[in-house]
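# Close look at the chain arrangement
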Amino acid sequence: MRMDYKYIEQLIERYWDCETSAEEEQILRMFFSQTEIPAHLLRYKSLFAYQKSEQEIGLGSDFDKRILEEIERPTVKARRLTLQTRFMPLFKAAAVIALIFSVGGVMKHSLSDGNGAGVIYVHDQFERRSTDPQVAYEGDSVKSPLEKVTEQPPVVGRNHKQ
Amino acid sequence: MEEISFRNDILPLKDKLFRLALRITLNRAEAEDIVQDTLIRVWNKRDEWQTLESVEAYCLTVTRNLAIDRSQRKEAQNMELTPETQELTDGVTPDRQMERDEQLHLIHRLVNELPEKQRTIFQLRDIEGKSYKEIAEIMGLTEEQVKVNLFRARQRIRLKYNEIDAYGL
C-alpha cells in the first residue's frame, strides 16, 4: 500500500512541474476521487476532486432543443432552393410543350406538303414565275394560270386518289 | 473521413464548450450564449467541416475567441481583481455542492484568479484532459508556450497550497 502512495506522491511532484502525461493526471484524479485517502495526501484531494467535479458541469437538454430549432431556420434558406427545384416540373412542361409545338409544326408542314401539294405547287410556281424572265414572253397573264390549271388536273387527281 | 453530423458529433460538444466559455467569462448566462453562438457559427460553416483537422478543436477555438471578445467588451466597465470582485465572480457561478465545500471553493477561486491564458490552459488540460498538442492547436500557441503557461498556473496553485499549509485556510 505504501508503495502505491509513493507513486502518487511522485506523480504529484511531477504534476507541479508539468512532467506528468494526461493519463497520469487522470490517475491522480481517480485516486483522489476515492473516499479513503491517507492523511498526508488529503490536502491535495480538493485540487483533483475539483478537477473531476468540474467535468460534470454542462447544459441542459432544453439547450439542444433551442439550438436545433435555431438550426432548422437555415432549412428555410434551403427551401428557397427547393422552390427553384419545385419549378423544375414547370420548366419541363414548358419544354415538352415547346417540343410538341415544334414537332407539331413540322408534322403539319410535312402533312400539308402531302395533302395540299397543289396549293403549294401553284404558289411555288407563281413565285418562280414572277422572277422568271420567261414571263415577259408569255401572253395574257389571266390566261396563263387557266392554261396551267387545265394542264394540272391529272396530277391533282392522282394525288387525291392516293 | 467520415461524414460529420451536427446532431451526433457537434452538439454533444456543448458541455465542453460551455465549461471553457464559463472559465473565461465566469458567467453562466454569458457562457451559454457563447456556446449557442459557437454552434450556430459552426453550423453555418458546414461546407468546411470536411476540411477541418478536428471539428472539436475548431469549436473550442471559436468558443474561446467569442468568450475573449465578450470579456474584452466588458473590460470597459470592468473592475480590477480586488478581493471583493473575486467574491463576485465566485457568486456568479452557482455550484451548490461547491459552496458546501470550502476547500473546493478555494481552488475554484484560485483557478479563476489566474490570467485568461493560464486559466484556459488549466481548463483544457486539467479538466478536459487534452494533450499539449491539442491545446496548442486550439489556442494558436506552440506546445512550449502551452507548457510554460500551465507550469505558471500550477506553480501558483502550489504556492497557495504552501501558504495555506503555513497559515491555514
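As the structure is a prediction and not an experimental result, all values here were calculated from the model. (Residues numbered from 1 in each chain as written. Chains lettered and ligands numbered in written order. Predicted model: local features only at pLDDT ≥ 70, side-chain atom pairs only at ≥ 80, totals over all residues. Heavy atoms only, no water.)

### Thoughts on the overall build of chain B
The helix and strand tally for chain B stands at 10 helices and 0 strands. Mapped from its N terminus to its C terminus, chain B presents α and β elements in the order α-α-α-α-α-α-α-α-α-α. Relative to all contacts within chain B whose residues are 6 or more apart in sequence, the contacts with residues 24 or more apart total 65%. As presented, chain B carries roughly 9000 Å² of accessible surface, and 47% of it is formed by carbon and sulfur atoms. (Helix = DSSP H or I, 4+ residues; strand = E, 2+ residues; numbered from the N terminus. Contact = heavy atoms within 4.5 Å. Areas by Shrake-Rupley, 256 points an atom, 1.4 Å probe, with all protein chains shown as cover.)

### Re the interface of chain B and chain A
Contacts between chain B and chain A engage 41 residues on the former and 34 residues on the latter. Carbon and sulfur atoms make up 58% of the surface buried where chain B meets chain A, a total of about 3500 Å² over both sides. The largest contributions to the chain B side of the interface with chain A come from R154(B), R158(B) and Y161(B), which together make up 16% of the buried area. Viewed at the interface, chain A and chain B are joined by 6 salt bridges. Measuring nitrogen to oxygen at the nearest pair gives 2.9 Å for the salt bridge that ties E25(A) to R125(B). Where chain B meets chain A, there are 23 residue pairs in polar contact (both at pLDDT 80 or more). Taken together, the elements giving at least two residues each to the side of chain B that touches chain A come down to α1 (6-10), α2 (14-25), α3 (28-44), α7 (102-112), α8 (116-127) and α10 (143-167) of chain B. For the side of chain B that touches chain A, the element with the highest residue contribution is α10(B), accounting for 10 residues. The residue makeup of the side of chain B that touches chain A, split by class, is 19 nonpolar, 7 polar and 15 charged. (Buried area = accessible area lost by both parts, 1.4 Å probe. Salt bridge = Lys/Arg side-chain N within 4 Å of Asp/Glu carboxyl O. Polar contact = N/O pair within 3.5 Å; in protein donor to acceptor, adjacent residues only side chain to side chain. Nonpolar A, V, L, I, M, F, W, Y, C, P; charged D, E, K, R; others polar.)

### A closer look at the pattern of salt bridges
Residues and elements named next belong to chain B. Using the criterion set out here, one finds 18 salt bridges over all chains in the structure. For the salt bridge of E56 with K16, the shortest nitrogen-to-oxygen distance reads 2.9 Å. Of this pair, E56 sits in helix α4 (residues 55-75) while K16 sits in helix α2, and the two are 40 residues apart along the sequence. Put simply, D37 and R41 hold a salt bridge, and the shortest N to O gap is 3.7 Å. With D37 and R41 both in helix α3 and 4 residues apart, this pair spans about one turn of that helix. Taking the relative accessible area as the measure of exposure, D37 reaches 27% and is therefore partly exposed. Assessed through its relative accessible area of 44%, R41 is described here as partly exposed. (Buried < 20%, exposed > 50% of the residue type's maximum accessible area, 1.4 Å probe, protein only.)

### Quick notes on a nonpolar patch on the surface
Taken together, the side chains of L83(A), F87(A), M88(A), L90(A) and F91(A) present a nonpolar region at the surface, about 500 Å² in accessible area. Secondary-structure assignment places L83(A) in helix α4 (residues 61-115). (Patch = residues over 30% accessible without salt bridge, like charges linked within 9 Å, V, L, I, M, F, W, Y side chains within 5 Å.)

### Some remarks on the side chain of T20(A)
Here T20(A) shows up in the loop between α1 (2-16) and α2 (22-32). Separated by 2.8 Å, the side chains of T20(A) and E25(A) make a polar contact. Leaving out residues up to four positions away in the same chain, T20(A) has contacts with L11(A), R14(A), Y15(A), E25(A), R125(B), Y132(B) and R154(B).

### Details of the environment of V146(B)
All names here are of chain B. If you trace the backbone, V146 turns up in helix α10. Along the chain, V146 and I121 lie 25 residues apart, while their C-alpha atoms are 6.9 Å from each other. Residues within four places of V146 in sequence aside, it is in contact with I121, Y132, I135, A136 and L141.

### Some remarks on the packing of aromatic side chains
Tallied over the full model, the rule gives 9 aromatic pairs over all chains. For the ring pair F6(B) and W43(B), a centre distance of 5.4 Å and an interplane angle of 75° mean the geometry is edge-to-face. Note that F6(B) is positioned in helix α1 and W43(B) in helix α3, a separation of 37 residues in sequence. Judged on exposure class, the residue F6(B) and its partner W43(B) are both buried. An aromatic cluster is built from Y5(A), Y15(A), W16(A), F31(A), F32(A), Y44(A) and F48(A), whose rings are joined through pairwise contacts. One cation-aromatic arrangement involves R46(B) over W43(B); the distance from NZ or CZ to the ring centre is 4.2 Å. Sitting over the ring of Y132(B), R125(B) keeps its end group 4.3 Å from the ring centre. (Phe/Tyr/Trp six-rings, centres within 6.5 Å; stacked < 30°, edge-to-face > 60°. Lys NZ or Arg CZ within 6 Å of the ring centre and 35° of its normal.)

### What about the confidence of the model for chain B?
For residues with low pLDDT, the predicted coordinates do not support detailed interpretation. All names here are of chain B. Scored by pLDDT, chain B has a mean of 85; 82% of the residues are at 70 or more. In this model, residues 88-92 is a region of pLDDT below 50 whose contacts with residues beyond four sequence positions or in other chains number 7 contacts. The ipTM for the predicted assembly is 0.81, set against a pTM of 0.65. (pLDDT = per-residue confidence, 0-100.)

### Some thoughts on empty space enclosed by the protein
Throughout the structure, instances matching the rule amount to 2 cavities of 30 Å³ or more. Size it by volume and the largest cavity reaches roughly 70 Å³. For the largest cavity, the lining is made up of 10 residues, of which E54(A), I57(A), R19(B), L22(B) and R23(B) are closest to its centre. Broken down by secondary-structure element, the contributors of at least two residues to the lining of the largest cavity are α2 and α7 of chain B. In terms of residues, the lining of the largest cavity owes the most to one element, α2(B), which gives 3 residues. Along the lines of polarity and charge, the residues of the lining of the largest cavity split into 3 nonpolar, 4 polar and 3 charged. (1 Å grid on protein atoms, 1.4 Å probe; cavity = no way out; pocket = protein on both sides within 12 Å on 5 of 7 lines; lining within 4 Å. Points joined across faces, edges and corners; volume = space filled by probe spheres on them.)

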